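Each chain, written out:
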Amino acid sequence: MREPQVVFGTRLKQARQQSGLSQKQLGLEIGIDPATASPRVNQYENNRHRPGDQTISKLADALKVPIAFFYAEDDGLAQLILLCVQLDKEQQRVLADYIKEKYGVGYCLSI
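Just so it is clear, the structure is predicted and the values come from calculations on it, not from any experiment. (Residues numbered from 1 in each chain as written. Predicted model: local features only at pLDDT ≥ 70, side-chain atom pairs only at ≥ 80, totals over all residues. Heavy atoms only, no water.)

1. Considering the overall build of the chain
Here is step 1: Regarding its fold elements, the chain presents six helices and zero strands.
Here is step 2: Moving toward the C terminus, one meets the helices and strands of the chain in the order α-α-α-α-α-α.
Here is step 3: Its C-alpha atoms give the chain principal-axis dimensions of roughly 55 × 30 × 20 Å.
Here is step 4: Counting all 111 residues of the chain, 27% fall into the buried class.
Here is step 5: With an accessible surface of roughly 7,400 Å², the chain has 52% of that area assigned to carbon and sulfur atoms.
Here is step 6: Charge-centre separation for the chain: the mean point of 14 positive side chains lies 5 Å from the mean point of 13 negative side chains. (Helix = DSSP H or I, 4+ residues; strand = E, 2+ residues; numbered from the N terminus. Buried < 20%, exposed > 50% of the residue type's maximum accessible area, 1.4 Å probe, protein only. Areas by Shrake-Rupley, 256 points an atom, 1.4 Å probe, with all protein chains shown as cover. Lys, Arg positive; Asp, Glu negative; His and termini not counted. Charge placed at Lys NZ, Arg CZ, Asp CG, Glu CD.)

Below is the structure:
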């Protein structure tokens, strides 16, 4: 099991690279001062500094990923999170019902 902060930095970098933004561009997008935008995002990605909850929310919005993606310890789970958020609520409910029935998972939130 990876440390949550290490997972965060890894997922942040993955999402930023996928979006095509540089560290500086991402920092500017979330309102970081231009003089420190790149170094600050670099610190987040390299796990030398953890952003606060408000900044994490801004990062998720800018990168168009759910906050949960940043904390998915497993690459498969991270991929499922990204796929599921592309579905509408009804599609998510149908998928959840299918998974519960197909795989017999015992605990699941109702959506």
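The discussion continues.
2. A few points about the environment of Gly 27
Here is step 1: The residue Gly 27 is located in helix 2 (residues 23-29) in this model.
Here is step 2: By relative accessible area, Gly 27 is classed as buried at 0%.
Here is step 3: Linking Gly 27 and His 49, residues 22 residues apart in sequence, is a C-alpha distance of 14 Å.
Here is step 4: Among residues more than four places away in sequence, those in contact with Gly 27 are Ile 32, Ala 37 and Val 41. (Contact = heavy atoms within 4.5 Å.)

3. Some thoughts on a nonpolar patch on the surface
Here is step 1: Taken together, Leu 95, Tyr 98, Ile 99, Tyr 103 and Val 105 make up a surface patch of nonpolar side chains, about 470 Å² in accessible area.
Here is step 2: Residue position: Leu 95 is located in helix 6 (residues 89-103).
Here is step 3: Its relative accessible area of 30% is what places Leu 95 among the partly exposed residues. (Patch = residues over 30% accessible without salt bridge, like charges linked within 9 Å, V, L, I, M, F, W, Y side chains within 5 Å. Salt bridge = Lys/Arg side-chain N within 4 Å of Asp/Glu carboxyl O.)

4. Details of the pattern of salt bridges
Close approach of charged atoms allows side chains of opposite charge to pair.
Here is step 1: Under the criterion given, the structure shown has five salt bridges.
Here is step 2: Here Glu 45 makes a salt bridge to Arg 16, at a shortest N to O gap of 2.4 Å. Taken together, the positions of Glu 45 in helix 3 (residues 37-45) and Arg 16 in helix 1 (residues 4-19) put the pair 29 residues apart, joining distant regions of the chain.
Here is step 3: Using a relative accessible area of 5% as the deciding quantity, one classes Glu 45 as buried.
Here is step 4: One salt bridge connects Arg 93 with Glu 90, and the closest N-O pair in it is separated by 2.6 Å. Here the residue Arg 93 and the residue Glu 90 both occupy positions in helix 6, the gap between them amounting to three residues, near one helical turn.
Here is step 5: Overall, the relative accessible area of 31% leaves Arg 93 in the partly exposed class.
Here is step 6: With a relative accessible area of 44%, Glu 90 lands in the partly exposed category.

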